[in-house]
Every structure is written in C-alpha cells, then in structure tokens.
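Structural overview
The primary structure of each chain is shown beneath.
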Amino acid sequence: MQVLIVGAGPLATGAAVALADGGDEVTVIRPPGGAVDPELDRPKLHVVEGDPLLALEVAGAMRADVLVACTEADADNLVISLLGRRRFGVRTIVAQVNEAEHGWLFDESWGIDLAVSTSALLVAAIRGVRHAARVSSRAQS
C-alpha cells in the first residue's frame, strides 16, 4: 500500500514507522528545516520537505492509496484532506483532529473517511477501562 503522511509530529512519525516496518511504502511530507527524526531512516520510508500544500504532487499524491493529514493545525488538515480527495483522487483520507470543538468539520464534505482525535481516543479508553473495572468488581462480589 502507498501511504502519504503529512506532518512531522510524534503521531505522524509513529504511524510512518509502523506502516513502513509493516511493509507499506510510506512518504512523509514535513516542513523544511530542522533535523529529520532518525526513526524515519528506513528502507520503505521516504521524506519530502516542503510546504504540505505545495509538496503533495511531488510526494506522490497521485499514486497514494491513503493520505494521512496529521499536522498540528486543524485548518491545514482539512485543506490537505480536501486536496487529496478532489485534486489527487486519493481513495482513503484519514485526518487528525487536534481541537475537539473542530471535530464536527471532519467529515465527507472535506473528503475525510476517518477522523482521528487522540484526546477523544484517550478519553474513550479511560472510560472503557473504568467501566471494565466496575464490571469486574461487581462480578467478583
């Protein structure tokens, strides 16, 4: 699978490494300047530096099966998602939601198939663990 990830934060880097180690061809678009994370030095992982909105074509958006908009700015993630779908015809678009109050925007109208909010996932996990602990303690009583 050809995966294009836009972003340079820990979530983008972690996803890129895991996908490349799993055999996928991954390209990461990161802003210019600064040191490239040494974790990104892998055989199936390529790094393109540049403005994400301008580097999509150079990075291979036309060939990507999946585009992951994973920057720290929700507005950028929305625009990257829309460009990926409408301009480059990427089949699957995943976008990171940074601010919970923006979550309602991350839908099909922006070309997004899956919106990921790490804070919402963390809260759900905490509530799930808490619920599981209550069920377990009742079962032991």
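The preceding data block contains the structure.
Residues numbered from 1 in each chain as written. Predicted model: local features only at pLDDT ≥ 70, side-chain atom pairs only at ≥ 80, totals over all residues. Heavy atoms only, no water.

Attention now moves to helix H3 (residues 74-86). A rise of 1.5 Å per residue sets the reference length of H3, with its 13 residues, at 18 Å; its end C-alpha atoms lie 18 Å apart and thus fit the reference within 8%. Among the residues making up H3, those that are buried are Asp74, Asn77, Leu78, Ile80, Ser81 and Gly84. When H3 is viewed along its axis, its buried side chains cluster within an angular range of 165° and face the same direction. Exposed residues pointing more than 90 degrees away from the buried face of H3 are listed as Ala75 and Arg86. Considering only its buried residues, H3 is in contact with strand E1 (2-6), helix H2 (52-55), strand E4 (66-69) and strand E5 (92-96). (Helix = DSSP H or I, 4+ residues; strand = E, 2+ residues; numbered from the N terminus. Expected span 1.5 Å × (residues − 1). Buried < 20%, exposed > 50% of the residue type's maximum accessible area, 1.4 Å probe, protein only. Arc of directions from axis to C-beta. Contact = heavy atoms within 4.5 Å.)

All right, on to the pairing of strand E2 (residues 25-30) then. Among the six residues of E2, five are classified as buried, and the element is accordingly described as predominantly covered. Pairing geometry for E1 and E2, over five bridges, is parallel. Pairing of Gln2 across the sheet is with Glu25, part of E2. Note on the crossover from E1 through helix H1 (residues 10-21) to E2: the handedness is right-handed. Looking at chain direction, E2 and strand E3 (residues 45-49) are connected through five bridges and run parallel. Within E3, the residue paired with Thr27 across the bridge is His46. (Pairing = 2+ DSSP bridges. Right-handed = clockwise from strand over helix to strand, strands pointing away.)

Following the sequence through the fold, Asp37 ends up in the loop between E2 and E3. Asp37 sits 29 residues away from Ala8 along the chain, and the two C-alpha atoms are 8.5 Å apart. Polar contacts involving the side chain of Asp37 include one to the main-chain amide nitrogen of Glu39, which spans 2.8 Å. (Polar contact = N/O pair within 3.5 Å; in protein donor to acceptor, adjacent residues only side chain to side chain.)

What follows concerns the side chain of Ser117. Tracing the backbone shows Ser117 in the loop between strand E6 (114-116) and helix H4 (118-140). Side chain to side chain, Ser117 and Ser119 meet in a polar contact 3.2 Å long.

With 20 residues, the main nonpolar core has Leu4, Ile29, Leu56 and Leu67 as its most contacted residues. Contributing elements (two or more residues each) for this core: E1, E4, H3 and E5. Sequence-distant contacts of Leu56, that is, excluding residues within four places in its chain, are made with Leu4, Val6, Ile29, Ala61, Leu67, Leu83 and Phe88. Counting residues in hydrophobic clusters, the runner-up holds 14 residues, among them Val3, Ile5, Ala16 and Val17. (Core = buried A, V, L, I, M, F, W, Y, C linked by side-chain atoms within 4.5 Å.)

To continue, consider the sheet that holds E5. Strand pairing in a sheet relies on backbone hydrogen bonds, with the paired strands running either antiparallel or parallel. Strand order in the open sheet made by the six strands is E3-E2-E1-E4-E5-E6, with parallel pairing throughout. The open sheet is flanked by E3 and E6, the only strands paired with a single partner. For this sheet, the mean angle separating the axes of adjacent strands, direction not counted, is 15°. Bridging between E5 and E6 involves three bridges; their strand directions are parallel. Directly across from Gln96, in E6, lies its bridge partner Val116. On the sheet, H1 packs against E1, E2, E3 and E5 and is oriented at approximately 165° with respect to E1. Contacts from H3 reach E1, E4 and E5, with the element oriented near 175° to E5. (Axes fitted to C-alpha atoms, helices over the stretch in contact; angles between N-to-C directions.)

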